[in-house]
Amino acid sequence: MSIDPGSMLTFARFLFAFTIGSHILLVSTSIALVILISISEFLAIHRHDPVYEALARRLSKVFVISFGVGTASGIVMAVELVGLFPSFMTLVASTGAIVLLYAEVSAFFLEVLALVLYVYYWNSFRGRYSHWIVSVFVVAGTLASAVFITMVNAWMNTPNGFDVTVFISSGFKTVTGVEPFSAFLTVSTVSQVFHVLVTTLFAGTMVIGAYFAYWFVRSRDAGEKAMYSRALKILGVIAIVAIVLSGISGSEEMGTLLVNQPLKYAALDGNTVPGTNLPDRFFGSVVNGSYVGGISIPGMQALLARFETGVATLPGLSQFPPNTWPPLIVSTTFNVMTVGGLALGLFLFAFFVSFVRKRRPYESRRFLYIWTPAAVLAMLVYQLGWATDEVGRQPWIVYNVMTVAQAANTSDALLVPGVIIILFYLAVIPATFYFYSRVFQGSNKEATA
Amino acid sequence: MNGIFEVNYAAFSVFAALLVTEIMGAVGLLIAWPSRSKVLDYIVPVWEVTGTFGAFWVVTGDFAYPGLLVPVSEIFTPLLIIFLILWVARGASIAFAEFITKRGWLDEEKLFKSYAVATVVLGLVVLVLLSALVGGQGVSLASGSFSIISWATAGSVVFVVGTLLLAVGLAPVLFDLPALRNLVLPSTGLGVILSVLSYWLMSTTLLTPWMGVPVLLTLAVGALYAWRRTSKIVTNKAVFLAVLSVIIFSLQPLVYPKAVGQALPIDAVTTTGAMADAFFSITVVGGLLLALMLSLYVAVAARGPSGPGL
């Protein structure tokens, strides 16, 4: 019995969404971890603080697990893209987008070689700062990998560096006018990379922080509490900086959308018709061409848009053929993301005020009890941010060039292995987080013994 | 000469050499767990590098042969997905194993053995893929499909057996196991004979005078180890890896100028024009960075590991 191509297309979408959704859990925590390790080691050396030293050493073990599983998962995605969306990858491989992937692998080399030196040759360096500098290389490699892969996504949103007209008119057979390095800087690259980096760091920081918050509250060992407190202090500062930058970069990102992807902008803001004095709307829905229900703040959207971009007339869905509209659920995911981000901002503002008043919020049970649900919300907001970006581009895989349906492999031979991959990830991701904890706590016992 | 093919094949050679050494170690973990320390000393700092070279090969392959991605997807996706599951299993189990402390039923031994099983099965999947890419058995380019039943010809099976014998023969060299010294030359010799036979069974055109290079190099490794006074040369891990990479690199006539049973001319599917120029530019820049990092790695590693820094 064969499965119809439409169902396989849906399955291909779901499989990749599931894989990348799982993968970014690892990526966000990896980025937060490696930055925490580097800062901890620096403070250990600078302040001669053995607690920071122990924290850096114990976390470096956790990072190896994170790197190992994350790398394997990254390769799964690279190969899965070829299997699920071969025509898309053919376009990628024929244009500058592949140069970005090549650059990403180079960054990956930097990360892996530095990581091996950092972890396995910790005491082989002549000076402590020399060893710490290697951690900076690990951070640089990790961040550069994230930057280059986000650049590929920016290129999918605003493709450049080849003749689109010739490519489409040739039935996706001829790629001409290739400028391989132009993919490094599309019109959306700067704002998207900025936003993705800080939100990824933020989500990972909150999740790692939740772990320390939980153990700080639970532990009765003064030495352990001192370590969790130090970790939370660093993570609290990172989270405050990252949430502020997330807001700024998110606003910048909306400005870029308004100019370069007006349809996506209209879908996110629920603009059914264009206008000059449009309100900001939350949690309503589009019914029969009109936005109904929810909350509106009159004139707010127009005000923000004019402030960010100078654009006075905002786009509406009615300007575009309905068959090119993304699923309008993106308006809701966008609202949850925005309101969730604001709630997290308020929590961290209170944390910041307490910090400034020297109330030690990183040791306050009140703050630490809230941190865990806040971390869940942060990860939800982060995942919804990606969902909004990807679903908001539908039906396109490469905006205004190739649809997902045109790119996909709809062979039903993918079904069984695809289901196995999903089941496998369902086991591996929780196991990975379980091992993070077990290894961190196991190191504790080794150190105490 | 096709420079892009050479770069991609060089990346493959290093990746394959690293993977083969991991498979050798994995077999060692499965059959001789009590003497695992020599194997783990090698594998533990290296497995992350293997993965990175794997990613490097995949990406340079995408870059080099954009027109092949659709047929590869149609033909090999189920096999590739099995590969991917094993790949994650391998990475996850060794990452967990490295730092696990015993609590409950799960311990270091079980996790390292899971890694070993995943790696060995992964190796078998890779051998099936490689033999199909070389001889074309089981592959239908016209219908875009792969059949494991059609793959199972004499040539393919002998290819797998020959390669496994080579791995068994060379493993005592890599891990310097004098107790198995007498196994090295017979197993390596038989592996070489079966490998050459498999190429002949796949297609007589695969047997060119160039094939003498990998044959002689492989036998030389075995011979150098068999003689005690020269064994130190080849038991050096860096030397062994370098020679193994060269051996695999010298096997390129199996897939160039034509692969998949002489049905796929490589030059015709290689990227050209501005993309080819970009490929070389970024390879030079990336290669220099990699060389710098590897130099630092070798310089620090020469001082010896200082525990897992922990």
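The model shown is predicted, which means the values in this text are computed figures rather than measured ones.

Caption draft 1: Layout of the overall build of chain B. Scanning chain B from N- to C-terminus turns up twelve helices and four strands. Here the C-alpha atoms of chain B give a radius of gyration of 20 Å, agreeing with the 19 Å that 2.2 N^0.38 yields for 310 residues. Dimensions of chain B, computed from C-alpha atoms along their principal axes, come out at roughly 55 × 40 × 40 Å. In chain B, which comprises 310 residues, the share counted as buried stands at 45%. Across chain B, every contact between residues at least 6 apart in sequence was considered, and the portion connecting residues at least 24 apart equals 73%.

Caption draft 2: Representation of the confidence of the model for chain A in the model. With 98% of its residues at a pLDDT of 70 or more, chain A has an overall mean of 91. In the model of chain A, helix α14 (residues 415–448) of chain A stands out as the element of lowest mean pLDDT, 81, in contrast to helix α7 (residues 189–218) of chain A, which has the highest, 97.

Caption draft 3: How the structure looks around the environment of B:Val157. Residues and elements named next belong to chain B. Topologically, Val157 is positioned in helix α6 (residues 154–174). Here Val157 falls in the partly exposed class, since 16 other C-beta atoms lie within 10 Å of it. Val157 sits 26 residues away from Ser131 along the chain, and the two C-alpha atoms are 8.8 Å apart.

Caption draft 4: View of the interface of chain A and chain B. Listed per partner, the contact involves 67 residues of chain A and 58 residues of chain B. Among the elements that line the side of chain A that touches chain B, the one with the most residues is helix α2 (residues 50–84) of chain A, at 19 residues. By residue class, the composition of the side of chain A that touches chain B is 44 nonpolar, 17 polar and six charged.

Caption draft 5: Summary view of the confidence of the model for chain B. Summing up the model confidence of chain B, the mean pLDDT is 88 and the portion of residues at 70 or higher is 96%. Scoring the predicted complex yields pTM 0.88 and, for the interface, ipTM 0.80.

Caption draft 6: Local environment of the packing of helix α8 (residues 212–226) of chain B against helix α9 (residues 228–235) of chain B. Residue and element names in this part refer to chain B. Where α8 meets α9, the axes come as close as 5 Å, and the angle between the chain directions of the two elements is 130°. On the basis of their axis angle, the class for α8 and α9 is oblique. Here Val221, Leu224 and Tyr225 of α8 come into contact with α9, specifically with Thr230, Ser231, Ile233, Val234 and Thr235.

What counts and what doesn't
- Residue positions are given per chain, counting from 1 as you read along its sequence in written order.
- Lettering for chains starts from A, numbering for ligands starts from 1, and both go in the order in which the items are written.
- Two thresholds apply to this predicted model, a pLDDT of at least 70 for residue-level local features and 80 or more for giving and counting side-chain atom pairs, whereas whole-chain, interface and lining totals are computed over all residues.
- Segments assigned H or I by DSSP are reported as helices when at least four residues long, segments assigned E as strands when at least two residues long, and all are numbered from the N terminus.
- Throughout, radius of gyration means the C-alpha value; the globule benchmark is 2.2 Å times the number of residues raised to the power 0.38.
- Exposure classes come from backbone-placed C-beta atoms, where a residue is buried if 20 or more other C-beta atoms lie within 10 Å of its own, exposed if 12 or fewer do, and partly exposed in between.
- C-beta atoms are placed from the backbone for every residue, and two residues are taken to be in contact when these atoms lie within 7 Å.
- pLDDT is defined as a per-residue confidence score from the predictor, taking values between 0 and 100.
- Note on residue classes: Ala, Val, Leu, Ile, Met, Phe, Trp, Tyr, Cys and Pro are nonpolar, Asp, Glu, Lys and Arg are charged, and everything else, Gly too, is polar.
- Interaxial angle, 0 to 180 degrees, is taken between N-to-C directions of lines fitted to C-alpha atoms, where a helix line uses only the stretch in contact.
- Just so you know how the angles are binned, under 35 degrees is roughly parallel, over 145 roughly antiparallel, 65 to 115 roughly perpendicular, and the rest oblique.

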